[in-house]
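This is what each chain is made of:
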Amino acid sequence: MHKERKDVVLRPPCGGVKVKSTTDTLEEELKRHLNGVIASMVKWSKTIEKQHKQLESKHNDQRPQDQAAAVNSTSLDKSE
Amino acid sequence: MAANAWIVYDKAKERILKGEAIALGTHAIRCELVTTDYTPLSTAHEYKSDISDNITSSAQYPSGGVLTSGIAITRSNGTITFDANDFNFSPTSSVTISAKYAVLYDDSTTSECLICYSALSSATGPPAASTNGTFQIQLDASGIFTLA
């Protein structure tokens, strides 16, 4: 006796494994973000301060030579 | 027929990340069909021995389930996809296959570590069944599961 044939096709959707880097709450995440911003600003401020000091130092090194040249120039004028 | 997304066992996630036992790209991965007597517990089950009621092997059902072919692990825009060819259980004579879950496990490991499972019908619905025909699990175009 012929037995009825029944196929079955199943289509399970794709499963997923999500990677979470942190389980922080929104408040903690915001705090962490702001701390990062503050740290960047402090670092930037220190860099600016360092550059300012370098420029100031460079300017001071050049000033005595300028003065000496001015003196020489004055003395030359006088001798003439 | 409505089948549900593959759920990766917690222990499998740990093994994959630690590089312990499971090697999806190189090992023999099998798909086992399981009856309604099994209750999956993704947080605790880790070995094939935890699957209490797999379909009894016979001439019409390969022992341990079908071997996964065409395994592909690909990466695109930060998403890693684990994919393979569809699973086909094709009896050559009159037989009924009735299964509630499909379970993938690593057959190359001594303990046969579980990887993931899919519920083949709704929680309250009857199991999926074929009679004298093909029992096919057609994998989604997006693969079996992704890591993103």
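Up top is the structure these notes are about.
Rules used in this analysis
- Position numbers for residues count from 1 along each chain, tracking the sequence in the order it is written.
- Chains carry letters from A onward and ligands carry numbers from 1 onward, assigned in written order.
- Totals for whole chains, interfaces and linings use all residues, but because this is a predicted model, local features are given only for residues with pLDDT of at least 70 and pairs of side-chain atoms are given and counted only at 80 or more.
- Heavy atoms throughout the structure, all of them, feed into the side-chain values; hydrogens and water do not.
- The numbering of helices and of strands both runs from the N terminus, where a helix is a DSSP run of H or I of at least 4 residues and a strand a run of E of at least 2.
- Each residue's exposure class comes from its accessible area (1.4 Å probe, protein chains only) as a fraction of the maximum for that residue type: buried when under 20%, exposed when over 50%, partly exposed otherwise.
- Contact criterion: two residues are considered in contact whenever any of their non-hydrogen atoms come within 4.5 Å of each other.
- Buried area: the accessible surface (1.4 Å probe) lost by two parts on joining, summed over both.
- For this document, the term salt bridge refers to a Lys or Arg side-chain nitrogen within 4 Å of an Asp or Glu carboxyl oxygen.
- Definition of a polar contact: a pair of N or O atoms within 3.5 Å, with one able to donate and the other able to accept a hydrogen when the atoms are protein atoms, and with sequence-neighbouring residues admitted only if both atoms are side-chain atoms.
- For this classification, Asp, Glu, Lys and Arg are treated as charged, while Ala, Val, Leu, Ile, Met, Phe, Trp, Tyr, Cys and Pro are nonpolar and the rest, including Gly, are polar.
- The pairing criterion for strands is at least two bridges between them, as found by DSSP.
- We define the nonpolar core as a collection of buried residues of types Ala, Val, Leu, Ile, Met, Phe, Trp, Tyr and Cys that are connected through side-chain atoms lying within 4.5 Å of one another.
- Pairing of aromatic rings covers Phe, Tyr and the six-membered ring of Trp, with a centre-to-centre limit of 6.5 Å; geometry is then stacked below 30 degrees between planes, edge-to-face above 60, and tilted otherwise.

### Looking at the overall build of chain A
Logical step 1: Looking only at helices and strands, chain A features one helix and two strands.
Logical step 2: Mapped from its N terminus to its C terminus, chain A presents α and β elements in the order β-β-α.
Logical step 3: Counting over 80 residues, chain A shows a buried share of 8%.

### Focus: the interface of chain B and chain A
Logical step 1: If you look at the interface, chain B gives 30 residues, while chain A gives 17 residues.
Logical step 2: Summed over both partners, the interface of chain B with chain A buries about 2,100 Å², with 55% contributed by carbon and sulfur atoms.
Logical step 3: In this structure, the connection of chain B to chain A is made through zero salt bridges.
Logical step 4: Joining chain B to chain A, the criterion identifies ten residue pairs in polar contact (both at pLDDT 80 or more).
Logical step 5: For the side of chain B that touches chain A, the secondary-structure elements that each account for two or more residues are β10 (128-131), β11 (135-137) and β12 (145-147) of chain B.
Logical step 6: With four residues, β10(B) is the largest single contributor of residues to the side of chain B that touches chain A.
Logical step 7: The residue makeup of the side of chain B that touches chain A, split by class, is 14 nonpolar, 14 polar and two charged.
Logical step 8: The pairing of strand β1 (residues 8-10) of chain A with β11(B) spans three bridges and is classified as parallel. When the sheet's bridge partners are listed, Leu10(A) is paired in β11(B) with Ile137(B).

### Description of the nonpolar core
Logical step 1: With 43 residues, the main nonpolar core has Leu33(B), Phe87(B), Leu104(B), Leu120(B), Phe135(B), Ile137(B) and Ile144(B) as its most contacted residues.
Logical step 2: Elements that contribute at least two residues to this core include exactly β1 of chain A together with β2 (29-34), β6 (87-89), β7 (96-99), β8 (101-106), β9 (114-119) and β11 of chain B.
Logical step 3: Apart from residues lying up to four places away in sequence, Phe135(B) is in contact with Val8(A), Leu10(A), Leu33(B), Phe87(B), Asn88(B), Phe89(B), Ile97(B), Ala99(B), Leu120(B), Ala128(B), Ala129(B) and Ser130(B).

### Focus on the environment of Ser142(B)
Logical step 1: As for its placement among the helices and strands, Ser142(B) is situated in the loop between β11 and β12.
Logical step 2: For Ser142(B), a relative accessible area of 41% corresponds to the partly exposed category.
Logical step 3: Sequence separation between Ser142(B) and Thr81(B) is 61 residues; the distance between their C-alpha atoms is 7.5 Å.
Logical step 4: Contact partners of Ser142(B), with chain neighbours within four places excluded, come to Cys14(A) and Thr81(B).

### A closer look at the side chain of Glu32(B)
Residues and elements named next belong to chain B.
Logical step 1: Examined against the element boundaries, Glu 32 turns out to sit in strand β2.
Logical step 2: A polar atom in the side chain of Glu 32 sits 3.4 Å from the backbone nitrogen of Gly 65.
Logical step 3: Apart from the residues within four sequence positions on either side, Glu 32 is in contact with Lys 48, Asn 54, Tyr 61, Gly 64, Gly 65, Tyr 101, Ala 102, Val 103 and Tyr 105.

### Remarks on the packing of aromatic side chains
Two measures describe an aromatic ring pair: the distance that separates the ring centres and the angle between the ring planes.
Residues and elements named next belong to chain B.
Logical step 1: Scanning the model with the defined rule gives six aromatic pairs over all chains in all.
Logical step 2: Here the aromatic rings of Tyr 101 and Tyr 117 are separated by 6.1 Å at their centres, their planes lie at 80°, and the arrangement is edge-to-face. You can see Tyr 101 sitting in strand β8 and its partner Tyr 117 sitting in strand β9, a full 16 residues away along the chain.
Logical step 3: You can call Tyr 101 buried: its relative accessible area is 14%.
Logical step 4: These aromatic residues form a ring-pair network of at least three members: Tyr 9, Tyr 38, Tyr 101 and Tyr 117.

### Focus on unusual backbone geometry
Residue and element names in this part refer to chain B.
Logical step 1: Of note in this structure, Ala 21 is not a glycine but carries a positive phi near 65°.
Logical step 2: One can find Ala 21 in the loop between α1 (10-18) and β2.
Logical step 3: A positive phi angle, near 55°, is found at Glu 112, a position not held by glycine.
Logical step 4: Along the chain, Glu 112 turns up in the loop between β8 and β9.

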